[in-house]
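Chain by chain, the residues run as shown.
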Amino acid sequence: MSTQLSQLSVFQPDLPPGLEYLPDFISAGEADYLVHNIDAQAWRSDLKRRVQHYGYRYDYKARQASEEDYIGRLPPFLRGLAERLAYAGNFGSVPDQVIVNEYMPGQGISAHVDCRPCFGAVIASLSLMSPCVMRLENIKVSQQTDLVLEPGSLLILSGEARHVWTHAIPARKSDMVKGEKQLRSRRLSLTFREMRFD
Ligand SMILES: O=C(O)CCC(=O)C(=O)O
Ligand SMILES: [Fe+2]
């Protein structure tokens, strides 16, 4: 992919600086291929949260990374996408860690900033299957905003959006989107990051 990602991003004035939202980053065919491969790796899933780790094992509440958490190269179905993200100019190198989160209706992820010492300057999450609302909140001043994450979209967090804002997915069964109630269904997200061990 040669297009600069920033040329494709949607402008929404209340979004944090450093956030880019790219709808339709992948095609429906690519999305099906990813879901199929993720489902084939169900044995990896942590039974309670249904999280899959690739590259390095990592818990989103941990505060440091260890090289001992290495669990092998990214599998081919993720490597191509990781390379595409790197070549599109958003990462310093090819991301070497991916977490797949599964959310059934009613499930979410609490507000957090991805571990600063563990990961590099850029975080990218691809959304699959169900749309949902992400809540972003500034930790320095009282400011928050909601962003609808549509299937096939890519969210890139860097700068302030990465470091000064938390992100969360409220645990609920539906979202209000443009004044309309939208029921959630199963959602998968793939979060790409570069590990840091300093
Ligand atoms: O599911 C998402 O879109 C976000 C996941 C996330 O924030 C994380 O794994 O750190
Ligand atoms: Fe996160």
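Residues numbered from 1 in each chain as written. Chains lettered and ligands numbered in written order. Predicted model: local features only at pLDDT ≥ 70, side-chain atom pairs only at ≥ 80, totals over all residues. Heavy atoms only, no water.

By the naming in an unreviewed UniProt entry, the protein is Alpha-ketoglutarate-dependent dioxygenase AlkB, taken from Roseobacter insulae.

1. Comments concerning the pattern of salt bridges
Here is the rule we go by: The salt bridge criterion pairs a side-chain nitrogen of Lys or Arg with a carboxyl oxygen of Asp or Glu, the two atoms within 4 Å. Elements are defined by DSSP. Helices are runs of H or I of four residues or more, strands are runs of E of two residues or more, and each kind is numbered from the N terminus. Accessible area is worked out with a 1.4 Å probe on protein chains only. A residue is then buried under 20% of its type maximum, exposed over 50%, and partly exposed in between.
Counted under the stated rule, the structure contains eight salt bridges. Close ionic contact of aspartate 146 with arginine 135 constitutes a salt bridge, the shortest N to O distance being 2.8 Å. Within this pair, whereas aspartate 146 is found in strand β7 (residues 144-149), its partner arginine 135 is found in strand β6 (residues 132-138), the two being separated by eleven residues in sequence. We note a salt bridge from aspartate 175 to arginine 172, for which the minimum N-O separation is 2.9 Å. Residue class for aspartate 175 comes out buried when judged on its relative accessible area of 3%. Judged by its relative accessible area of 30%, arginine 172 is partly exposed. A single network of salt bridges, built from pairs that share partners, joins Asp39, Arg50, Glu102 and Arg186.

2. Examining the coordination of the iron ion (ligand 2)
Note the cut-off: A 2.8 Å cut-off from the metal defines N, O and S donors, relaxed to 3.2 Å for Na, K and Ca; water is not in the atom list, so some sites may appear incomplete.
Coordination sphere of the iron ion (ligand 2), protein contribution only: His112 (NE2), Asp114 (OD) and His167 (NE2), at 2.1 Å. Linear spacing of the donor residues for the iron ion (ligand 2) on their chain is H-x1-D-x52-H. With a gap of 53 residues between them, aspartate 114 in the loop between β4 (109-112) and β5 (123-129) and histidine 167 in strand β9 (residues 165-169) connect regions that are remote in the sequence. With respect to burial, aspartate 114 and histidine 167 carry one shared label: buried.

3. Observations regarding the sheet that holds strand β8 (residues 154-157)
The following threshold applies: Being paired, for any two strands, means DSSP has found at least two bridges between them. Here an axis means a line fitted to C-alpha atoms, over the contact stretch when the element is a helix, while the angle between two N-to-C directions is reported on a 0 to 180 degree scale. Residue contacts follow a heavy-atom distance rule, with two residues in contact if any of their heavy atoms lie within 4.5 Å.
Read across the open sheet, the six strands follow the order β1-β8-β5-β12-β3-β2; overall the sheet is antiparallel. Two strands close off the open sheet at either side, each with one partner strand: β1 (19-22) and β2 (51-54). Each strand axis lies, on average, 15° off the axis of its neighbour in the sheet, ignoring direction. Sheet analysis places β2 next to strand β3 (residues 97-103), joined by four bridges and oriented antiparallel. Within β3, the position partnered with histidine 53 by the bridge is isoleucine 99. Strand contacts of helix α2 (residues 28-40): β2, β3, β5 and β12 (187-193), with the helix running at about 90° to β5, the strand carrying the most contacts. Running at roughly 55° to β12, helix α3 (residues 76-87) makes contact with β2, β3, β5, β8 and β12 of the sheet.

4. Regarding the site of ligand 1
This is how the line gets drawn: A single heavy atom is enough: if one lies within 4 Å of a molecule or strand, its residue is considered near that molecule or strand. By the criterion applied in these results, polar contacts are pairs of N or O atoms within 3.5 Å in which, for protein atoms, one can donate a hydrogen and the other can accept it, and in which residues neighboring in sequence qualify only through two side-chain atoms. Each accessible area value is a Shrake-Rupley result obtained with a 1.4 Å probe; residue values ignore everything except the protein chains displayed when judging cover.
Every residue near ligand 1 is listed here: Asn101, Tyr103, Ile109, His112, Asp114, Met134, His167, Ile169, Arg187, Ser189, Thr191 and Arg193. Within the side chain of histidine 112, an N or O atom sits 3.1 Å from an oxygen atom of ligand 1. Side-chain polar atom of serine 189 to an oxygen atom of ligand 1: 2.7 Å apart, as the coordinates give it. In isolation ligand 1 has 300 Å² of accessible area, and contact with the protein removes 98% of it. Sorting the residues of the shell around ligand 1 by element identifies β3, β4, β9 and β12 as the ones contributing at least two each.

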